Amino acid sequence: MMSNDTESNNQSSYRKASQQLELPADSKVVMIPVIEESLHVDKQLVETGKLRIVKRIHEEEQVIDLPLSREEFNVEHVAINEYVDTPPAVRYEGDTTVYPVLKEVLVIEKKLVLVEEVRVTRKLVTVNEPQRVIVRKEEVSVERISDELERSAL
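The rules behind each value
Residues numbered from 1 in each chain as written. Predicted model: local features only at pLDDT ≥ 70, side-chain atom pairs only at ≥ 80, totals over all residues. Heavy atoms only, no water. Helix = DSSP H or I, 4+ residues; strand = E, 2+ residues; numbered from the N terminus. Buried < 20%, exposed > 50% of the residue type's maximum accessible area, 1.4 Å probe, protein only. Contact = heavy atoms within 4.5 Å. Pairing = 2+ DSSP bridges. Salt bridge = Lys/Arg side-chain N within 4 Å of Asp/Glu carboxyl O. Axes fitted to C-alpha atoms, helices over the stretch in contact; angles between N-to-C directions. Patch = residues over 30% accessible without salt bridge, like charges linked within 9 Å, V, L, I, M, F, W, Y side chains within 5 Å. Areas by Shrake-Rupley, 256 points an atom, 1.4 Å probe, with all protein chains shown as cover. Polar contact = N/O pair within 3.5 Å; in protein donor to acceptor, adjacent residues only side chain to side chain.

**Concerning the overall build of the protein**
Here's step 1: What the protein contains, in helices and strands, is two helices and six strands.
Here's step 2: For the protein, the succession of helices and strands along the chain, N to C, is α-β-β-β-β-β-β-α.
Here's step 3: The buried share of the protein, reckoned over its 154 residues, is 8%.
Here's step 4: The contacts of the protein with a sequence gap of at least 6 include a subset with a gap of at least 24, amounting to 76%.

**Remarks on the pairing of strand β5 (residues 111-128)**
Here's step 1: Here 16 bridges tie strand β2 (residues 67-84) to β5, and the two strands are oriented antiparallel to one another. Within β5, the position partnered with E71 by the bridge is L124.
Here's step 2: As paired elements, strand β4 (residues 96-105) and β5 share 10 bridges and run antiparallel to each other. In the strand pairing of β5, P100 is matched with E117.

**Looking at the side chain of T97**
Here's step 1: Mapped onto the fold, T97 is located in strand β4.
Here's step 2: Those residues in contact with T97 that lie beyond four places of it in its chain are V90, R91, Y92, V118, R119 and V120.

**Here's the deal with the pattern of salt bridges**
Here's step 1: In the structure shown here, the tally under the stated rule is 11 salt bridges.
Here's step 2: In this structure, E72 and R70 form a salt bridge, with 3.2 Å as the shortest nitrogen-oxygen distance.
Here's step 3: By relative accessible area, which is 31% here, E72 ends up partly exposed.
Here's step 4: As a salt-bridge pair, E129 and R70 come within 3.9 Å of each other at their nearest N and O atoms. With E129 in the loop between β5 and β6 (131-144) and R70 in strand β2, the pair connects residues that are 59 residues apart, well separated along the chain.

**Some remarks on the sheet that holds β4**
Here's step 1: Pairing in this open sheet of four strands is antiparallel, and the strands run β2-β5-β4-β3 from one edge to the other. The sheet terminates laterally at β2 and β3 (91-93), the two strands that pair on one side only. The sheet shows a mean angle of 25° between the axes of neighbouring strands, taken without regard to direction.

**Brief notes about a nonpolar patch on the surface**
Here's step 1: Residues L51, I53, V140 and V142 make up a contiguous nonpolar surface patch of about 400 Å² in total accessible area.
Here's step 2: Breaking the nonpolar patch down by element, the ones donating at least two residues are β1 (51-64) and β6.
Here's step 3: Secondary-structure assignment places L51 in strand β1.

**Here's the deal with the pairing of β4**
Here's step 1: Both β3 and β4 contribute to a ladder of three bridges, which runs antiparallel. The residue of β4 that forms the bridge with Y92 is T97.
Here's step 2: The antiparallel hairpin formed by β3 and β4 contains two residues in its connecting segment, where G94 sits at a positive phi of about 70°.

**Some details on the side chain of E117**
Here's step 1: Take E117: it is sitting in strand β5.
Here's step 2: Within polar-contact distance, the side chain of E117 engages the side chain of R91 at 3.1 Å.
Here's step 3: Excluding its chain neighbours within four sequence positions, the residues that come into contact with E117 are E76, H77, V78, I80, R91, V98 and Y99.

See below:
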């Protein structure tokens with residue numbers, strides 16, 4: 001029930017409303033309350049569980065067999081013992097390099113004698129030599145520990 005002050009205020013506002021709307025004098029004014037609801041939303045951070053992450057490193061030895069190359073040299077001395085007028089140049093015969101070896105000898109006249117040739121042959125040799133190496137591998141496991149929290153809270 002309304003107080004007298006409230007009723008008089010309401011009647012005066014109804015009168016103003018009826019004057020504005022030009023209601024007939026014999027009509028009754030019905031009061032209809034208007035209600036408005038408002039919503040206030042908030043959010044908060046709630047811990048629902050935890051994770052345990054474990055990282056393990058495994059080492060394993062593997063054998064790696066790769067081809068390795070090396071050069072081998074075969075040195076051969078070939079006796080020539082011939083007189084020459086000019087020193088011969090270094091020459092190549094396929095994979096073999098020929099280096100002339102000279103000496104001077106005294107005679108009535110001075111002449112060059114080709115004493116020997118040193119022949120060096122290059123040969124490429126490829127062999128597989130297995131090597132042992134350590135290879136590491138990481139493993140990660142993830143555990144959810146939220147169930148443990150809920151049980152401990154009870």
